[in-house]
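Single-letter residue listing:
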Amino acid sequence: MRSPREVVESVPRGPAVVVGAISGSQFVNHAYLVLLPPILTVLATDFEVTLATLGVVLGVQGLTNTLFQLPFGYLADSYDRTLALAVSSFVGAAGVLVVAAAPSFAWLVVGQAIIGIGVAGHHPAHYPLLADATPDGLRGRAYSVYGVGGSLGFAAAPTIITVTIGVPGLTWRHAVGSIGVVGLLYAVAVTALFATSVDDEITRPNVDRTAGERADASLADRLRAELRSLVAAPGILALAALALLASTANWGLTSYAVVFLTDAYGVPLDLANFTLTGIFLVGAVAIVLGGDLTDRFAPGPVIVASFAGLTLLVGLIAARLVPALAAVGLFLLVGGVRSLSGPARDALSERLSATGSVGRSFAIITVGIMLGSAVAPPLFGVLIERSGVGVAFGAVAAVAGLATLLTVGVVTTYADEGTTATAAD
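Everything numeric here is computed off the predicted structure, so don't read it as measured data.

J.: Hey, could you run me through the environment of Val-163 in this one?
T.: Mapped onto the secondary structure, Val-163 falls in helix H9 (residues 139–165). With 111 residues separating them in the primary sequence, Val-163 and Phe-274 have C-alpha atoms 9.8 Å apart.

Structure, rendered in structure tokens:
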């Protein structure tokens, strides 16, 4: 298995700059997505709210993220990818700083909503840039490097927060604020890089606007054009449905892994937070393997194996038949198994996308992902409050099982179509 460094070195210099910069942006955005799970119990005390209420707050971020996916996809595909990247980067960082300074629970909600708007733009901007910058034969590996950036971002936030709040005189606000400042500085750097140093062939839209997408077209005409493009892409819609189920299971596990370990097994909070970090670090390694397997074989089998493994492992966790140390190990294994599918899903998504619509296609799929992130925290938060963590994680396993079944259907129906499309290109 190749290391992330070896994968990057296999990409020519020009594409490597784009892949590296976009992977850094992915790192920052993913750190934003997991600011609250490591400190849910602390926030519940500070703001005098329940875990179920905080689950709704997590869902707010997912909801605004969902609502702004297609607008950012339209901006990236029809106008300017650098602009989409810049707006996403600066708005996301601003939201994190609002959360850090939130004087009340209401402002915490506002900050989460702003983060969701900002993060909404990163996939619609990132994927077209990666697709146009990377040769076909290296696409899966490029996506795996990109996925590593995201996994490391997920891992960094719990670590930074845990270490910071362990320092006398520092609180979760200092930790979140430091992440926001880093994100703001990166927004400046990555925007300047793409505005001045990346070829226009990569940053500009691939196709001219159609009649329904003219600059002077009415909103109704644009909406009709978007609906026509959706109906014409059933494979992308199927992947979006799969993403919804997979995301619901994944975000249920991510949001409450710390709560599960502390409540069900009595694991100390710092160890539980480091376990959450470990989940993403193991996932980062597994993404590299997933990218290599995707390039060597095909996306379909990799996706099926990943979700079948996720179902089995989460079921074992929910059953609580193992000691605490073994439960920690199972969580780490889940991090690896679930991450194998990332590059494979991305590669299949690109193959099923119509020419010039990669940004919108990934925006549609990300709608499914973010709907899952909006639904999972309140849903499983309520289950934890009413029935306990065991029942909640049993529900996570059930959703993962449904995702596995849908994966088989999607791969069976659309995998050949994706291969044909790639050959035609």
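We are not done yet, so read on.
J.: What am I meant to see in empty space enclosed by the protein here?
T.: Where empty space is left becomes clear once a probe the size of a water molecule has been rolled over the atoms. According to the stated counting rule, one finds five cavities of 30 Å³ or more in the structure shown. His-30, Phe-154, Asn-250, Gly-342 and Arg-345 are, among the 34 residues lining the largest cavity, the residues nearest its centre. Taken as a whole, the second largest cavity holds about 90 Å³ of empty space. Leu-33, Pro-37, Leu-58, Gln-61, Gly-62, Gln-112, Trp-251, Ser-255, Met-370, Ser-373 and Pro-377 together form the lining of the second largest cavity. Of all the secondary structure elements, the ones that give two or more residues to the lining of the second largest cavity are helix H4 (51–67), helix H13 (234–265) and helix H18 (358–387).

J.: Sorry if this is basic, but what is going on with H4 here?
T.: The periodicity of an α-helix, 3.6 residues per turn, causes residues three or four places apart in sequence to face the same way. Over its 17 residues, H4 extends 24 Å from the first C-alpha to the last, a length consistent with the 24 Å expected when each residue adds 1.5 Å. For H4, the tally of buried residues reaches twelve of 17 residues, placing the bulk of the element in the interior. When H4 is considered as a whole, its buried residues turn out to be Leu-51, Ala-52, Leu-54, Gly-55, Val-57, Leu-58, Gly-59, Gln-61, Gly-62, Thr-64, Asn-65 and Thr-66.

J.: In this structure, what is going on with the packing of aromatic side chains? I would like to understand it.
T.: Any two aromatic rings considered together are summarised by their centre-to-centre distance and by the angle between their planes. Applying the stated rule across the entire model yields eight aromatic pairs. Ring centres of Phe-260 and Tyr-265 lie 6.0 Å apart, and the angle between their planes is 55°; on these two criteria the pair is classed as tilted. In this pair, the class of Phe-260 matches that of Tyr-265, namely buried. Ring centres of Phe-260 and Phe-393 lie 4.4 Å apart, and the angle between their planes is 45°; on these two criteria the pair is classed as tilted. You can see Phe-260 sitting in helix H13 and its partner Phe-393 sitting in helix H19 (residues 389–424), a full 133 residues away along the chain. A single burial state applies to Phe-260 and to Phe-393, both of which are buried. Among the aromatic side chains, those forming a connected cluster through ring pairs are Phe-260, Tyr-265, Phe-331 and Phe-393.

J.: How do you make sense of the confidence of the model for the chain when you look at a structure like this?
T.: Detailed reading of the predicted model is not advised wherever pLDDT is low. For the chain, per-residue confidence averages 81 on the pLDDT scale, and residues scoring 70 or more make up 83% of the total. Per-residue pLDDT, averaged within each element of the chain, yields its smallest value for helix H1 (residues 4–9) (47) and its largest for helix H7 (residues 105–119) (95). The model gives residues 7–12 a pLDDT under 50, and that stretch makes 13 contacts with residues more than four places away or in other chains. Within the model, pLDDT remains below 50 along residues 418–425, and this stretch shows five contacts once partners closer than five positions in the same chain are excluded.

J.: Explain the side chain of Thr-404 here, please?
T.: The topology assignment puts Thr-404 in helix H19. Looking at Thr-404, its side chain comes within polar contact range of the main-chain oxygen of Ala-400, at 3.0 Å. For Thr-404, the contacting residues outside a window of four places in its chain are Phe-307, Ala-308 and Thr-311.

J.: Would you mind going over the packing of helix H3 (residues 40–47) against H4 with me for this structure?
T.: In a pair of packed helices, the angle between the axes and the distance between the axes together describe the arrangement. One way to put it is that H3 packs onto H4 with a least axis distance of 10 Å and a crossing angle of 110°. Comparing their axes, H4 and H3 come out roughly perpendicular. Of the residues in H4, those touching H3 at Leu-40, Leu-43 and Ala-44 are Leu-51, Leu-54 and Leu-58. Residue composition of the contact of H3 with H4, by class: six nonpolar, no polar and no charged.

Calculation rules
Residues numbered from 1 in each chain as written. Predicted model: local features only at pLDDT ≥ 70, side-chain atom pairs only at ≥ 80, totals over all residues. Heavy atoms only, no water. Helix = DSSP H or I, 4+ residues; strand = E, 2+ residues; numbered from the N terminus. 1 Å grid on protein atoms, 1.4 Å probe; cavity = no way out; pocket = protein on both sides within 12 Å on 5 of 7 lines; lining within 4 Å. Points joined across faces, edges and corners; volume = space filled by probe spheres on them. Expected span 1.5 Å × (residues − 1). Buried < 20%, exposed > 50% of the residue type's maximum accessible area, 1.4 Å probe, protein only. Phe/Tyr/Trp six-rings, centres within 6.5 Å; stacked < 30°, edge-to-face > 60°. pLDDT = per-residue confidence, 0-100. Contact = heavy atoms within 4.5 Å. Polar contact = N/O pair within 3.5 Å; in protein donor to acceptor, adjacent residues only side chain to side chain. Axes fitted to C-alpha atoms, helices over the stretch in contact; angles between N-to-C directions. Parallel < 35°, antiparallel > 145°, perpendicular 65-115°, else oblique. Nonpolar A, V, L, I, M, F, W, Y, C, P; charged D, E, K, R; others polar.

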